[in-house]
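As a plain string of letters, each chain reads:
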Amino acid sequence: MLLLPNNIAPNGATPALVDRGGVQRGASALRVNRLGSHYRISLTLPPLDGPAGAAIVVSRLIRAKRQGLRVPYPLLSVDQSGCGTSVVVDGAGQTGGSIQVRGLPPFAVVREGFWFSIESSSGQHYLHNSGSEVTAGVDGRATLSVADTMLRRSFADGARVHLARPMIEGLIEGSEQEWDLAVDHNTRIAFVIEETA
């Protein structure tokens, strides 16, 4: 899994939920939920005026078509750092629309709409959006809603949960990757990452 250089940050993003469910229509409409919903995000980078920086980004995006790319999910002005950096899954084998965690600061609040990623033992991140507001107990434990996509895999006890800096990772979408080469030496790059699971 590749990463962009630390000094490169998107200046625009369009996230989307890829819904694997659907509506069955007949005499009435019936919602059919299926596992496999996940996220996709379109990112644009500010014009890169340094030839070396642009070349590195282009090189990594080309290789990310096969190897995948991981980038921080843009939180904009939402500060989730009060949730700490030591949050982990509390108990193996969890399934469904919620996950128990530990390691939150006592009485920390995970607000509805907060983003977080759960990192599997292989290092893959799974992005989620908190579906309800939860306050951690004095012991730092809480149950987070993952009803947005449901748990897409079973995580090991102690798997890291990233609230302060959630990540989205997946493959670069599309059958080609392109970038602008302008005479003003400002390289403009846009790309789409779609989670693979």
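Here, every reference points to the structure presented above.
What you are looking at is a predicted structure, and each value in this text was computed from that prediction instead of being measured. (Residues numbered from 1 in each chain as written. Predicted model: local features only at pLDDT ≥ 70, side-chain atom pairs only at ≥ 80, totals over all residues. Heavy atoms only, no water.)

1. What to know about the pattern of salt bridges
Stage number 1. A full pass over the atoms with the stated rule returns nine salt bridges.
Stage number 2. When the shortest N-O distance is used, the salt bridge between arginine 20 and glutamate 194 registers 4.0 Å. You can see arginine 20 sitting in the loop between strand E2 (12–18) and strand E3 (22–25) and its partner glutamate 194 sitting in strand E16 (residues 190–194), a full 174 residues away along the chain.
Stage number 3. As a salt-bridge pair, aspartate 90 and arginine 102 come within 3.0 Å of each other at their nearest N and O atoms. With aspartate 90 in the loop between strand E7 (88–89) and strand E8 (98–102) and arginine 102 in strand E8, this pair connects stretches of sequence that are 12 residues apart. (Salt bridge = Lys/Arg side-chain N within 4 Å of Asp/Glu carboxyl O. Helix = DSSP H or I, 4+ residues; strand = E, 2+ residues; numbered from the N terminus.)

2. Some thoughts on the nonpolar core
Stage number 1. In terms of nonpolar packing, the biggest core is built from 24 residues, with Val57, Leu69, Ile189, Phe191 and Ile193 touching the most fellow members.
Stage number 2. Where this core is concerned, the elements lending two or more residues are strand E5 (38–44), helix H1 (51–67), strand E6 (69–72), strand E15 (167–172) and E16.
Stage number 3. Tallying contributions element by element places H1 first for this core, with five residues.
Stage number 4. Not counting residues within four places of it along the chain, the set of residues in contact with leucine 69 comprises Met1, Leu2, Leu3, Leu4, Leu61, Ala64, Ile168, Glu169, Gly170, Ile172, Phe191 and Ile193.
Stage number 5. One finds Phe114, Ala136, Leu151 and Ala159 within the second-largest nonpolar core, a separate group that totals 22 residues. (Core = buried A, V, L, I, M, F, W, Y, C linked by side-chain atoms within 4.5 Å. Buried < 20%, exposed > 50% of the residue type's maximum accessible area, 1.4 Å probe, protein only. Contact = heavy atoms within 4.5 Å.)

3. Some details on the layout of surface pockets
Stage number 1. Reported here for the largest pocket is a volume of approximately 520 Å³.
Stage number 2. For the largest pocket, the lining is made up of 20 residues, of which Ala9, Pro10, Val71, Pro72 and Arg165 are closest to its centre. (1 Å grid on protein atoms, 1.4 Å probe; cavity = no way out; pocket = protein on both sides within 12 Å on 5 of 7 lines; lining within 4 Å. Points joined across faces, edges and corners; volume = space filled by probe spheres on them.)

4. Overview of the packing of aromatic side chains
Stage number 1. One pass over the structure, following the stated rule, counts three aromatic pairs.
Stage number 2. With 5.2 Å between their ring centres and 80° between their planes, tyrosine 39 and tryptophan 115 make a pair best called edge-to-face. Here tyrosine 39, found in strand E5, pairs with tryptophan 115, found in strand E10 (residues 115–119); they are 76 residues apart in sequence, far enough to count as distant. Grouping residues by exposure puts tyrosine 39 and tryptophan 115 together as buried. (Phe/Tyr/Trp six-rings, centres within 6.5 Å; stacked < 30°, edge-to-face > 60°.)

5. Remarks on the environment of alanine 159
Stage number 1. Assignment of secondary structure puts alanine 159 in the loop between strand E13 (142–145) and strand E14 (161–162).
Stage number 2. For alanine 159, a relative accessible area of 9% corresponds to the buried category.
Stage number 3. Taking the C-alpha atoms as reference, alanine 159 lies 6.1 Å from glutamate 119; in sequence the two are 40 residues apart.
Stage number 4. Ignoring sequence-local partners within four residues, the contact set of alanine 159 consists of Val87, Val88, Val89 and Glu119.

6. Overview of the sheet that holds strand E11 (residues 125–129)
Stage number 1. Here three strands make up an open sheet; going across it, the order is E11-E10-E14 and the pairing antiparallel. Both edges of this open sheet fall to E11 and E14, since each of them pairs with a single strand only.
Stage number 2. Of the pairings in the sheet, the one linking E10 to E11 comprises five bridges and is antiparallel in character. Within the sheet, the bridge partner assigned to isoleucine 118 lies in E11 and is tyrosine 126. (Pairing = 2+ DSSP bridges.)

7. A few points about the sheet that holds E6
Stage number 1. Strands sit in the order E1-E6-E15-E16-E5-E2 across an open sheet of six strands; the sheet is mixed. Each edge of the open sheet is held by one strand with a lone partner, namely strand E1 (2–3) and E2.
Stage number 2. As paired elements, E15 and E16 share two bridges and run antiparallel to each other. Each residue of the ladder has a partner; that of leucine 171, found in E16, is glutamate 194.

8. Comments concerning unusual backbone geometry
Stage number 1. Unlike most non-glycine residues, leucine 76 shows phi in positive territory, near 55°.
Stage number 2. As for its placement among the helices and strands, leucine 76 is situated in the loop between E6 and E7.
Stage number 3. Exposure remark for leucine 76: the relative accessible area of 82% places this residue in the exposed category.
Stage number 4. Even without glycine at this site, phenylalanine 107 takes up a positive phi of about 65°.
Stage number 5. Looking at the secondary structure, you find phenylalanine 107 in the loop between E8 and strand E9 (109–110).

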